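Descriptive analysis of the structure
Below, each chain spelled out in residue letters.
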Amino acid sequence: MSAYILPILFLLLIIYCIYKRINTYDHFVKGAKGAIKLVVDIFPFIASIMIAVALLRVSGITTWLTSLLTPVFNFLGIPPELTELVLLRPFTGSGSYALLENVLTTYGADSYISRCACVIMGCSETIFYVATVYFSQTRVKKLLYAIPVALVCSLVGTILACLICKVM
Amino acid sequence: MMMLSSILVLLITNPSAMLSEMIGASTGALELCFELVAVYVVWLGFIELIDASGLSDKLAKLLRPLIKKIFKVDNEEIQKIIALNVSANMLGVGNAATPMGIRAMQALDDGSGKANFAMIMLVVINATSIQLLPTTVIGLRSSAGSENPADIILPTLIVTITTTVLGILLVHGVEKLRNKIKRRKKK
């Protein structure tokens, strides 16, 4: 069902453009032109954050943090199997999706753990990555309280996700 | 700081892995960026169509009262970009939201070197983002053999609505607190 929504939206958009007598092809190309420049501009920032995350993982700091935080998370109702996922989620999209796939195959797609993991993935975001990339093209150096507030909301969301999956 | 501490630990545990790990990561970033070019070509193309057909103006008009209240932004052009960014996020296509987010940040930049209220709000809203359709997650679940991959839509929706409201309240609250402190300092 949900697989149809995006294609249908695209179809409607194109029909609407034709109805409005807009040159669809020209405008599509015009928009697409910006893609390479945009990626070139943000590449150094993406690379830096990915290097930092790789170092964090290979140095063993994440494993250490995982074992340190598991009891805390457990107290908050987050299953210990998901500590690493919750920890890595703010930093890396591809890394956390790989972990999610791992959870899905290990525990079965319809288990409580897997459903929890899915809702957690849906309600959280790669906060550090997003903040880095979004601010990369501005002169802003101080983010003030943006990241702490975002992290607090994510944590609340994670706890809530684990609660809701128990009842729904 | 994060990098420094990681490098320090690595020096003790596994010094030979450091450089290869860093280069491996930037290779990964390069691969990701190649992919992103392809993804952005599609999305920026469609976004241009949405813009040219006037749909983005309609969308912005629809969301304007809400955006005005939440972001405290009066500029119509910026409101439009934010409207597109938020809608893309709601549909679970973060990759379409990113270019709009960057554009919005550039437009909001006041040159003071500090993030302003609307910028912080945008980061928080992007982080908590209401999810009507967690597209990627549903895809992963169904390929892992789930019997009903879509049954996480409702829980995800409930959780994201709660965190988004919480985020908006928190940002407003912190901003008020900061203003109060500032005023007190002036006195």
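Residues numbered from 1 in each chain as written. Chains lettered and ligands numbered in written order. Predicted model: local features only at pLDDT ≥ 70, side-chain atom pairs only at ≥ 80, totals over all residues.

This part takes up the overall build of chain A. For chain A, the count of helices and strands is 9 helices and 0 strands. Overall, chain A shows an N-to-C arrangement of helices and strands of α-α-α-α-α-α-α-α-α. Reported as C-alpha extents along the three principal axes, the dimensions of chain A are approximately 60 × 40 × 30 Å. The buried share of chain A, reckoned over its 168 residues, is 42%. The long-range fraction of contacts in chain A, counting pairs at least 24 apart against all pairs at least 6 apart in sequence, stands at 61%. (Helix = DSSP H or I, 4+ residues; strand = E, 2+ residues; numbered from the N terminus. Buried ≥ 20, exposed ≤ 12 C-beta atoms within 10 Å, placed from the backbone. Contact = placed C-beta atoms within 7 Å.)

Secondary structure assignment for chain B yields 8 helices and 0 strands. Counting helices and strands in the order they occur from the N terminus, chain B gives α-α-α-α-α-α-α-α. Taken over the C-alpha trace, chain B has a radius of gyration of 21 Å; the compact-globule value for 187 residues is 16 Å, which it surpasses by more than 25%. If you line up chain B on its principal axes, its C-alpha atoms span 55 × 55 × 35 Å. The buried share of chain B, reckoned over its 187 residues, is 41%. When contacts within chain B are restricted to residue pairs at least 6 apart in sequence, those whose partners lie at least 24 apart make up 58%. (Rg over C-alpha atoms; globule rule 2.2 N^0.38 Å.)

Attention shifts here to the interface of chain B and chain A. The partner chain A presents 75 residues to the 77 residues of chain B that form the contact. Contributions of two or more residues to the side of chain B that touches chain A are made by α1 (2-13), α2 (17-52), α5 (94-108), α6 (117-128), α7 (135-143) and α8 (153-186) of chain B. Per-element tally for the side of chain B that touches chain A: the top contributor is α2(B), with 22 residues. Residues that form the side of chain B that touches chain A fall into these classes: 47 nonpolar, 24 polar and 6 charged. (Nonpolar A, V, L, I, M, F, W, Y, C, P; charged D, E, K, R; others polar.)

The next subject is the nonpolar core. Counting residues in each nonpolar core, the largest one holds 98 residues, and the members touching the most others are A:V119, A:I120, A:A161, B:V123 and B:V124. Ranked by the residues each element gives to this core, the list is headed by helix α3 (residues 34-58) of chain A, at 13 residues. For B:V124, the residues in contact, after removing those within four places along its chain, are A:A146, A:V149, A:A150, A:C153, B:G167 and B:V171. (Core = buried A, V, L, I, M, F, W, Y, C linked by C-beta atoms within 7 Å.)

Residue and element names in this part refer to chain B. Where α5 contacts α6, the axes come no closer than 10 Å and their chain directions differ by 165°. The pairing of α5 with α6 is recorded here as roughly antiparallel in orientation. The interaxial crossing formed by α5 with α6 has left-handed handedness. In contact with A97, G101, A104, M105 and L108 of α5, α6 contributes A118, M119, L122 and N126. When grouped by side-chain class, the residues that make up the contact of α5 with α6 number 7 nonpolar, 2 polar and no charged. (Axes fitted to C-alpha atoms, helices over the stretch in contact; angles between N-to-C directions. Parallel < 35°, antiparallel > 145°, perpendicular 65-115°, else oblique. Left-handed = near helix turned anticlockwise from the far one by under 90°.)

Inspection of the secondary structure puts A:V40 in helix α3. Taking the C-alpha atoms as reference, A:V40 lies 26 Å from A:A146; in sequence the two are 106 residues apart.

Residue and element names in this part refer to chain A. Inspection of the secondary structure assignment puts V53 in helix α3. C-beta crowding within 10 Å serves as the criterion here: with 22 such atoms nearby, V53 is assigned to the buried category. Each residue touching V53, except ones within four places of it in the same chain, is listed here: F91, T92 and G95.

Now for helix α3 (residues 55-71) of chain B. Residues and elements named next belong to chain B. Maximum bend of α3: about 60°, positioned at L63, with proline P65 one to four residues after it. Among the residues of α3, S56, A60, I67, I70 and F71 are the ones counted as buried. Here the buried face of α3 lies against α2, α4 (76-90), α6 and α8. Backbone geometry just downstream of α3 places K72 in the positive-phi region, at approximately 55°. (Bend = angle between axes of the 7 residues up to and from the residue.)

Attention now moves to unusual backbone geometry. For A:R21, which is not a glycine, the phi torsion comes out positive at approximately 60°. Looking at the element boundaries, A:R21 is found in the loop between α1 (5-19) and α2 (24-32). Within the chain, B:K72 stands out as a residue other than glycine whose phi angle is a positive 55°. Locating B:K72 in the fold gives a position in the loop between α3 and α4.

A separate point is the environment of A:V86. Residues and elements named next belong to chain A. One can find V86 in helix α5 (residues 83-88). Sequence separation between V86 and F10 is 76 residues, and the spatial gap between their C-alpha atoms is 33 Å. Residues in contact with V86, not counting those within four places in the same chain, are F73, I78, I120 and T158.

Per-chain confidence: chain B averages 87 in pLDDT, with 94% of residues scoring 70 or above. Our summary of model confidence lists the complex with pTM equal to 0.88 and ipTM equal to 0.87. (pLDDT = per-residue confidence, 0-100.)

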